[in-house]
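# Notes for the structure review
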Amino acid sequence: MKVLVINAGSSSLKYQVMDMDTKKVLTKGLCERIGIDGRHTNKTNGNKFVEEVEMKNHSDALKVVIRCLESDTVPTISSLKEIDAVGHRVLHGGEMFTDSVVVTPENLKQMEELIPLGPLHQPANIAGIKACAEMLPGIPQVAVFDTTFHSTMPDYAYRYAIPKDAYTKWGIRKYGFHGTSHRYIAGELEKLEGKNKKFIICHIGNGASLSAIKDGKCIDTSMGYTPLEGVMMGSRSGDVDPSICQRIMKETGMNIDETINYLNKKSGLLGVSGISGDMRDVEEVAYSNEENEKKEDAILALNMHAYRVKKYIGSYIAALNGVDAICFTAGVGENGGEYREMVLSNLENLGIVLDKDKNLKNFKRGEVNIISADNSKVKIYVIPTDEELMIASDTERLVK
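Here we summarise the structure given alongside this text.

About the thresholds
- Residues numbered from 1 in each chain as written.
- Predicted model: local features only at pLDDT ≥ 70, side-chain atom pairs only at ≥ 80, totals over all residues.
- Heavy atoms only, no water.
- Helix = DSSP H or I, 4+ residues; strand = E, 2+ residues; numbered from the N terminus.
- Rg over C-alpha atoms; globule rule 2.2 N^0.38 Å.
- Buried < 20%, exposed > 50% of the residue type's maximum accessible area, 1.4 Å probe, protein only.
- Contact = heavy atoms within 4.5 Å.
- Pairing = 2+ DSSP bridges.
- Axes fitted to C-alpha atoms, helices over the stretch in contact; angles between N-to-C directions.
- Salt bridge = Lys/Arg side-chain N within 4 Å of Asp/Glu carboxyl O.

In this section: the overall build of the protein chain. Counting its secondary structure elements, the protein chain contains 15 helices and 14 strands. Taking 21 Å as the expected radius of gyration for a compact globule of 400 residues, we find that the protein chain reaches 22 Å, a close match to that expectation. Summarising its shape, the C-alpha atoms of the protein chain cover approximately 60 × 50 × 45 Å along the three principal directions. Counting the 400 residues in the protein chain, one finds 52% classified as buried. Partitioning the intrachain contacts of the protein chain with sequence separation of at least 6 by distance along the chain shows that 61% fall at a separation of at least 24.

See the structure below:
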């Protein structure tokens, strides 16, 4: 079976075609700057193809993808008839969807009802589904939700301490995100450590979230009603006192939407460092030989980021009543050796001991690494995540 995986963002559309018999990616690409000007990049068999092409909407982007798949640019696919199913990443399943689903007109309408919970990404995800229905009629589509893995949280973990009406009328509760990644890593950890174990997963990229896993199920996660809650991120503030919004609005004259944008797009590493929301840019300044205010701000930003992740790890050890393994994944988690050391320092009393050589000198990128010391009671892993494989696997399972 060959599955086309679609991950539609607000102004982008990532795709790849996977052969589920071999688990091999046949081709992958990215349509970006949708609605602005448009750029399409495709990678097949080590060859990279880039074109500037106007894409007014996601339907236009999908036309570019289909044209590419039908052309000689992708020699691994003879025709679109080889595509057996399409799997879509969908941001929000709310409380309606606790598993991936084969798309029907009825449940697509339910996904549209969830747009208020994800106003930026949910419409783009739905647009991708509708465009595929138009361009690839008759091919089954599957929606894989970012929130479903976290649907096993107990009510005392997902409810907020606000009046019950806010939950019953408007669905205001913790949902959690990055669920496809957390589910993939939880499965990989079970293969390595066995079942009935306790794990903490640290998905650290530009967006960052942690999850506490017991017996293969999520019992808590750091992101909340939206991805803004939780640890500090590239440009997101993470946890803040809500009254800060009131103060910012009074001081600046911004409305509530502008203030939330301020916390989502102008805060985090970017806001504290004044340099960038990219960890690599901040580290470059922090570790430079120049002594100046920028370096001080960069060091502070890194310390704040690592400290907040460390605090969540500690709280999840308490929630789990111990932990068997901790895993780092995603861009920073997989590639940031110095950052991992910052997070894991001074946790020896909790049985967490890092082997610095395994973490840096002997580390192998793109592979599963154990970076804990031999005397560490808690295993520490770095595992590359594969969200697209999870989407393709769910698609295969449901369509078959």
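All right, on to the sheet that holds strand β7 (residues 101–102) then. With respect to topology, eight strands assemble into an open sheet ordered β5-β4-β3-β2-β1-β6-β8-β7, the strand pairing being mixed. The open sheet is flanked by β5 (47–52) and β7, the only strands paired with a single partner. Note: strand β1 (residues 2–8) against strand β6 (residues 85–90), four bridges, orientation parallel. Note on β6: the bridge partner recorded for Val 3 is Ala 85. Helix α1 (residues 58–70) rests against β1, β2 (12–19), β3 (24–32), β4 (39–44) and β5 of the sheet, and its axis sits at about 35° to β2.

This paragraph deals with the pattern of salt bridges. Between side chains of opposite charge, a pair can form when the charged atoms approach closely. Overall, the coordinates contain 21 salt bridges when judged by the stated rule. Ionic pairing is found between Glu 112 and Lys 130, a salt bridge with its closest N-O pair at 2.6 Å. Remark: Lys 130 occurs in helix α3 (residues 122–135) and Glu 112 occurs in helix α2 (residues 105–113); sequence separation between them is 18 residues. Assessed through its relative accessible area of 30%, Glu 112 is described here as partly exposed. A salt bridge links Lys 191 to Glu 188, with the nearest nitrogen and oxygen atoms 2.9 Å apart. Taken together, the residues span about one helical turn, with Lys 191 and Glu 188 both in helix α6 (residues 179–193) at a distance of three residues. Here Lys 191 falls in the exposed class, since its relative accessible area comes to 66%. Residue class for Glu 188 comes out buried when judged on its relative accessible area of 18%.

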